[in-house]
Amino acid sequence: MFDKPTQGVLTAAAALTITRFMQVVMDSLPQAAAQTFLVAQLDSDDQSWAMVASIVGCIVSIAYLVATTELDADKSLGFRTNFPMVHGYIPSLSAVQEALVLLGILLFVGGILGAKLIALATLAGASAWVAVAWCSAEASALFVLRFFAEGRIWKFHFQGASGLMPTLLMHACIYLGMLAAPFPFLRFPGYCGPLPYSASIIYNLAINPAMVYSGFYLGGNRVVLDTQHVWMSLAIGSGVAVLGMVLMGCAMNATHRHTFYKPHSFRTLCDTLWEERTLTFMPDGTVAAGLDPSRANVLTYTSDYWVSIDKLRAWLANWDVWEADQPAWFTHKGIGFQNRIVQYAPVEALPRTVLLKILAKAKDSEGNALCVAPDATTDLLVAKVQAYRKDTSARKRAGRFAKAVLAIRLYIVAILISYVDLAGDVLVTLTLLQSETTKQSGFVTMGLTGFAQVVQAIISLAMGQGGVAAFTALVGAKPLLDTYNVLSDRPLTRGTKHDHELAFTATRAEEIALQSLPQGFYQCLVLLQMAQEGETTSWVQWASVGGAALSVAFIVADTDRGTDTSATFRMDYPLVYGYTPDDNRRAWWVSLGTFGFIGGTVVSKWVAIATLATASGSSAAVWLATECVVLLVLRQVVESSWRFHLHGLEAAVPSALVHLMFYIVSVAAPFPILRFPGYLGPSLYCASVCYQTIASPLMLLVAFSMEG
């Protein structure tokens with residue numbers, strides 16, 4: 001449609017076809033199946049013509065979408081140019097024949113879909129587990145059939161989607177398409193393939209009666225739709241599908257009928273294109289003549305489907321000529337030919353120039369460049385590139401595994417902070433609201449939670465993180481957002497990697513200072529007051545307090561380890577970060593020590609403050625306010641300014657809020673990161689920890705002396 005389509009390996013027509021296919025199998029089909037299943041469970045008196053008409057309309061719309069997609073794909077210049085042996089079955093010279101083929105596709109897909117919906121609804125109505133097991137067995141059988149049809153290659157043929165999970169996901173989509181909406185383009189080798197496509201069509205038409213019979217056998221009394229109507233509807237749907245198949249077969253170009261049933265693997269197709277295709281529709285919309293651009297286009301697919309090493313070696317021997325001439329396909333960024341050859345081509349097929357180019361940029365596991373003499377033999381270069389690729393592959397696997405473990409750990413902590421802790425607060429609130437004597441405490445608990453979310457949103461805006469960050473803070477999902485931004489190459493909010501790591505650490509500190517610590521302290525206070533008045537406490541309250549103490553200790557230990565081992569922080573501030581040993585065992589001992597240190601501090605401080613507040617709320621308030629003011633004065637003395645050093649938070653109000661956070665954290669959960677100059681600083685951090693350790697028993701002594 002546009003003169004400058006988006007760049008990539010896929011042509012615009014291919015991308016549009018795949019998008020429509022995914023829309024049908026991932027959206028339209030599940031909705032149609034759910035609607036049919038729900039209507040089938042209703043009594044005849046409860047069913048209306050509007051419900052049936054809605055299902056029929058859904059079937060017709062899906063069939064129409066398939067037919068129009070096929071028309072666009074099969075008559076596409078790109079498809080007919082690149083794959084003339086597959087695409088081109090729809091006649092172009094006769095409008096009548098074209099209309100008949102489209103009508104045939106409409107009837108064929110509509111009939112298949114209608115019959116399958118009836119069969120699935122009947123079977124699932126009797127037993128959903130049997131229906132799931134049935135479909136799973138069919139999907140597995142289709143995968144095996146495709147595996148053998150493709151010459152024992154199981155990977156999907158698109159580079160980037162050839163891994164295990166993408167391949168299984170694509171197979172699930174192909175199975176769903178073949179199950180109820182068999183796009184004719186699925187006969188293309190690499191998707192379903194001609195033979196599995198035709199075999200699947202015949203199988204589905206034949207198996208539908210067996211599914212209906214099984215449904216009636218397993219639970220006929222629960223399938224409330226009249227059995228005669230089911231069999232009649234199934235027969236009509238199957239008959240319409242067969243009529244559409246006959247109409248398609250008679251009206252299509254005779255030269256392409258064999259593409260619907262004759263075995264043809266994708267690797268065989270690539271071999272044919274390698275030898276015969278001399279005109280290629282490129283991803284940027286241009287048409288290139290000659291074998292070379294065609295072969296470069298063939299190599300955009302998964303390397304398992306490439307031609308033999310001998311053919312590839314003979315062709316790549318022209319590399320020096322291409323580097324001198326710089327043809328468009330050789331330097332095209334959308335194709336990425338040179339990078340693809342360097343990464344995926346068998347080493348035995350690479351020319352000497354490419355081998356030297358790979359080794360010139362290669363580095364070992366310690367980052368040292370590999371030294372290779374320019375006059376080294378080709379066999380030696382091949383051996384070194386093989387060893388380098390093997391080492392690089394092992395390092396990448398280790399890196400992916402480490403990243404996956406890190407992601408799991410970070411997301412678990414993010415979920416713990418975001419919703420487990422929040423859910424605990426909500427449960428405590430509901431528990432307190434059930435009693436008239438504790439209803440006020442319930443409202444306070446609710447207010448503390450809301451206050452924490454609002455302040456986090458304000459801080460997010462002040463730090464320049466944008467509206468998305470502020471909104472996620474309001475709904476309690478800020479830790480999840482920051483975790484995604486730290487792990488992703490494409491974060492959802494603006495900022496550098498350092499900015500996202502800083503926001504990640506700040507959010508955890510905010511959650512603890514604004515939510516976990518105040519909530520834990522207040523719940524301790526409520527428990528003491530209820531015990532003093534002889535009221536029965538709930539296990540939910542105790543679980544909330546205990547869970548909050550453990551989560552605070554764990555989050556502080558995990559956050560501090562992640563921050564201190566961050567490559568960014570260690571590079572920018574080597575004088576502060578780096579106390580965690582590189583040895584994994586010793587690092588875990590440090591984290592365990594941090595966990596115990598924080599956990600003990602939290603519990604002792606909650607008990608001390610809650611006890612003093614129970615004896616005299618005003619005394620506790622004066623004590624804490626005095627500590628907060630003294631800490632502010634000490635920060636002024638140490639830093640020569642009480643204002644916060646980060647841009648956007650240096651104003652009076654933000655700086656006061658930040659100081660309040662620092663004080664709350666230093667009282668009960670002293671993050672080791674607080675020793676960073678500009679926060680508390682090393683000396684003030686150490687003095688604060690020592691003071692708070694001594695202050696806790698003093699608080700208890702004062703409370704007991706007041707007969708609290």
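The structure displayed is predicted, hence computed values, not measured ones.

Draft legend 1. Highlighting helix α17 (residues 439–462). In this model, α17 (24 residues) spans 35 Å end to end at C-alpha, consistent with the 34 Å of a helix rising 1.5 Å per residue. Within the span of α17, buried status applies to Ser-441, Gly-442, Thr-445, Thr-449, Ala-452, Gln-453, Val-455, Gln-456, Ala-457, Ile-459 and Ser-460. Just downstream of α17 lies Gly-464, where phi reads positive at about 75°.

Draft legend 2. Fine view of the confidence of the model for the chain. The share of residues in the chain with pLDDT of 70 or more is 90%, and the mean pLDDT across the chain is 83. The weakest mean pLDDT in the chain belongs to helix α1 (residues 12–40) at 68; the strongest belongs to helix α9 (residues 266–276) at 94. Contacts for the low-pLDDT stretch residues 1–8, under 50 throughout, to residues beyond four places or in other chains number six contacts.

Draft legend 3. A look at a nonpolar patch on the surface. Where nonpolar side chains cluster on the molecular surface, the patch consists of Val-454, Ile-458, Phe-471, Leu-474 and Val-475 and spans about 450 Å² of accessible area. Among the elements of the structure, α17 and α18 (466–474) are those that each provide at least two residues to the nonpolar patch. In this structure, Phe-471 sits in helix α18. Among the residues examined, Phe-471 registers a relative accessible area of 54% and is labelled exposed.

Draft legend 4. Geometry of the environment of Ala-131. Its location among the elements puts Ala-131 in helix α5 (residues 128–149). A residue is classified by how much of its surface remains accessible, and Ala-131, at 8% relative accessible area, is buried. Sequence separation of Ala-131 and Ala-549 is 418 residues, and the distance between their C-alpha atoms is 47 Å. Those residues in contact with Ala-131, other than ones at most four positions away along the chain, are Leu-123 and Ala-124.

Draft legend 5. Here's a closer look at the packing of aromatic side chains. A complete count under the given rule lists 37 aromatic pairs for this structure. With centroids separated by 5.6 Å and ring planes inclined at 90°, the aromatic side chains of Phe-185 and Tyr-191 adopt a geometry described as edge-to-face. An identical accessibility class is assigned to Phe-185 and Tyr-191; each is buried. Seen from their ring centres, Trp-329 and Phe-330 are 5.8 Å apart, and the 85° between their planes marks the pair as edge-to-face.

Draft legend 6. Region of the structure containing the pattern of salt bridges. Tallying each qualifying case throughout the model produces 11 salt bridges. Measuring nitrogen to oxygen at the nearest pair gives 3.2 Å for the salt bridge that ties Arg-80 to Asp-74. The salt bridge involving Asp-391 is made with Arg-395; its shortest N-O contact spans 2.8 Å. Taken together, the residues span about one helical turn, with Asp-391 and Arg-395 both in helix α16 (residues 378–433) at a distance of four residues. Linked by salt bridges that have partners in common, Asp-564, Arg-570, Asp-582 and Arg-675 make up one network.

Draft legend 7. Looking closely at the packing of helix α4 (residues 95–126) against α5. At a minimum axis separation of 5 Å, α4 and α5 run at an interaxial angle of 130°. By the criterion of interaxial angle, the relationship of α4 to α5 is oblique. Side by side, α4 and α5 meet where Leu-120, Leu-123, Ala-124 and Ala-126 of the first sit next to Ala-128, Val-130, Ala-131, Trp-134 and Cys-135 of the second. Grouping the constituent residues of the contact of α4 with α5 by class yields nine nonpolar, no polar and no charged.

Procedures and definitions
Residues numbered from 1 in each chain as written. Predicted model: local features only at pLDDT ≥ 70, side-chain atom pairs only at ≥ 80, totals over all residues. Heavy atoms only, no water. Helix = DSSP H or I, 4+ residues; strand = E, 2+ residues; numbered from the N terminus. Expected span 1.5 Å × (residues − 1). Buried < 20%, exposed > 50% of the residue type's maximum accessible area, 1.4 Å probe, protein only. pLDDT = per-residue confidence, 0-100. Contact = heavy atoms within 4.5 Å. Patch = residues over 30% accessible without salt bridge, like charges linked within 9 Å, V, L, I, M, F, W, Y side chains within 5 Å. Areas by Shrake-Rupley, 256 points an atom, 1.4 Å probe, with all protein chains shown as cover. Salt bridge = Lys/Arg side-chain N within 4 Å of Asp/Glu carboxyl O. Phe/Tyr/Trp six-rings, centres within 6.5 Å; stacked < 30°, edge-to-face > 60°. Axes fitted to C-alpha atoms, helices over the stretch in contact; angles between N-to-C directions. Parallel < 35°, antiparallel > 145°, perpendicular 65-115°, else oblique. Nonpolar A, V, L, I, M, F, W, Y, C, P; charged D, E, K, R; others polar.

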